[in-house]
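The chain contents come next:
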Amino acid sequence: AGFIKSPLSQKSLSQDSVELYCEAIGNPIPELQWWFEGNEPNSTSSQLWDGARQERVQINSTYKLHSTSTISISNLSHTDSGTYECRASNDPDRNHLSKSPKVKWIRSQANVFVIERPDIKTQVSDDAGKLILSCNMSAPFPAIAGHDWMHGDKTLQTDTDPSAFTTYTIEGKKEEHSGLYECVYKTNPVIKGQVTVSVAPQVMAYKKSEHGNEGDTGVLTCKNPSFPPVSTWIWYKNDHEVSAAPLVNGTGRYIIKNSDNKTELRILKLSIEEDTGDYHCNATNSQGSGSATVNLRVRSRLAALWPFLGIVAEVLVLVTIIFIYEKRRKPDEVLDGKD
């Protein structure tokens, strides 16, 4: 038996992707094939291969104990609308060019309808300390049962308004609420619009002051929690003016590791004379730049011994004073005569 486990009818938006799953059981294990027939009047059925339609079609099949196959089509367009058919057969002559198979192919079908994606205009406005995010979907579009506003996996607002226009208001400064927001239209299929709140990097140092022992490795870290991500990180020592030369990864004793929202400066074999001072991490993105300062203090390896040595010195002085006092003290006089 062969069957498609995906819904028998799917609606998808253009530029999205669709995935269908087929499974067959038999002895010997049957072969699975995927075929397609478009909705055009003169369309004929044709077999689909992995990599077809300019690499937009991907087919993954496994044959262990039973047969399974998954077909996915990416970047959908209206030409992808039609009937997708999974065929299963274990007849030895199933692919023979002249012989007809004794056992007919078992077939299972699913219809895919690709709907043209409506245009969604988004806007971000700043009004008296409030951020107003808005989405407006142009016609034609499916029936709307409401909206959701999302930030990552968190639902910020939900409603049942059937309007094509929806807004979400954020209390606070723009710099505190940067990121990617989504307006989700409750339609079939679901339609989403993306609203971006972009600011210059809001750079923060993990610690404003770092300590390290002479000869050890010092680690200074800065992060950027804002959006968009940082495109360029640069470290400076003592002076972050334009004329100052930046620290270069791999030169001298410096190792720099950067990511979109974090940078780390490692200084090998710390020196009190050379490495003590202020370090500036500078971040740049499409909106501008920002920086933070980390102060590095390098201590001598003997620094931890000074308190102990001080206590030892105090004890030695005290013992010496007692010894001298006892040495110089006159012995008690012994009285003459009989008891």
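Just so we're clear, the structure is a prediction, and the values are computed from it rather than from any experiment.

(A) The domain arrangement of the protein, seen in detail. Under the domain assignment used here, the protein contains domain 1 (2-94 + 103-115), domain 2 (120-197) and domain 3 (204-299). Domain 1 and domain 2 are separated by 36 Å when their C-alpha centres are compared. In this complex, domain 1 contributes four residues to the contact, which on the side of domain 2 involves four residues. The contact between domain 1 and domain 2 buries some 320 Å² in all, and 75% of this surface belongs to carbon and sulfur atoms. Where domain 1 touches domain 2, the interface holds zero salt bridges.

(B) Representation of the state of the cysteines in the model. A full pass over the atoms with the stated rule returns three disulfides. Disulfide pairing is shown between Cys22 and Cys86; the S-S distance is 2.0 Å. Taking the sign of the S-S torsion, -80 degrees for the link of Cys22 and Cys86, the bridge is left-handed. With Cys22 in strand E3 (residues 18-24) and Cys86 in strand E8 (residues 82-89), this pair connects stretches of sequence that are 64 residues apart. Here Cys22 matches Cys86 in class, with each residue buried. At a sulfur-sulfur separation of 2.0 Å, the disulfide partner of Cys135 is Cys183. Looking down the S-S bond of the Cys135 and Cys183 bridge, the torsion is -90 degrees, so its handedness is left-handed. One end of the pair, Cys135, is in strand E11 (residues 130-137); the other, Cys183, is in strand E15 (residues 179-185), and 48 residues separate them in sequence. An identical accessibility class is assigned to Cys135 and Cys183; each is buried. Each disulfide of the protein joins two cysteines, and with those cysteines numbered along the sequence the arrangement is 1-2, 3-4, 5-6.

(C) Structural context of the packing of aromatic side chains. In total, this model carries two aromatic pairs according to the counting rule given. With a centroid separation of 4.7 Å and an interplanar angle of 45 degrees, the aromatic rings of Phe36 and Tyr84 are classed as tilted. Taken together, the positions of Phe36 in strand E4 (residues 31-38) and Tyr84 in strand E8 put the pair 48 residues apart, joining distant regions of the chain. As far as the burial class goes, Phe36 and Tyr84 line up, both buried.

So, how was this worked out
Residues numbered from 1 in each chain as written. Predicted model: local features only at pLDDT ≥ 70, side-chain atom pairs only at ≥ 80, totals over all residues. Heavy atoms only, no water. Domains from an automatic or database assignment. Contact = heavy atoms within 4.5 Å. Buried area = accessible area lost by both parts, 1.4 Å probe. Salt bridge = Lys/Arg side-chain N within 4 Å of Asp/Glu carboxyl O. Disulfide = S-S within 2.5 Å. Helix = DSSP H or I, 4+ residues; strand = E, 2+ residues; numbered from the N terminus. Buried < 20%, exposed > 50% of the residue type's maximum accessible area, 1.4 Å probe, protein only. Phe/Tyr/Trp six-rings, centres within 6.5 Å; stacked < 30°, edge-to-face > 60°.

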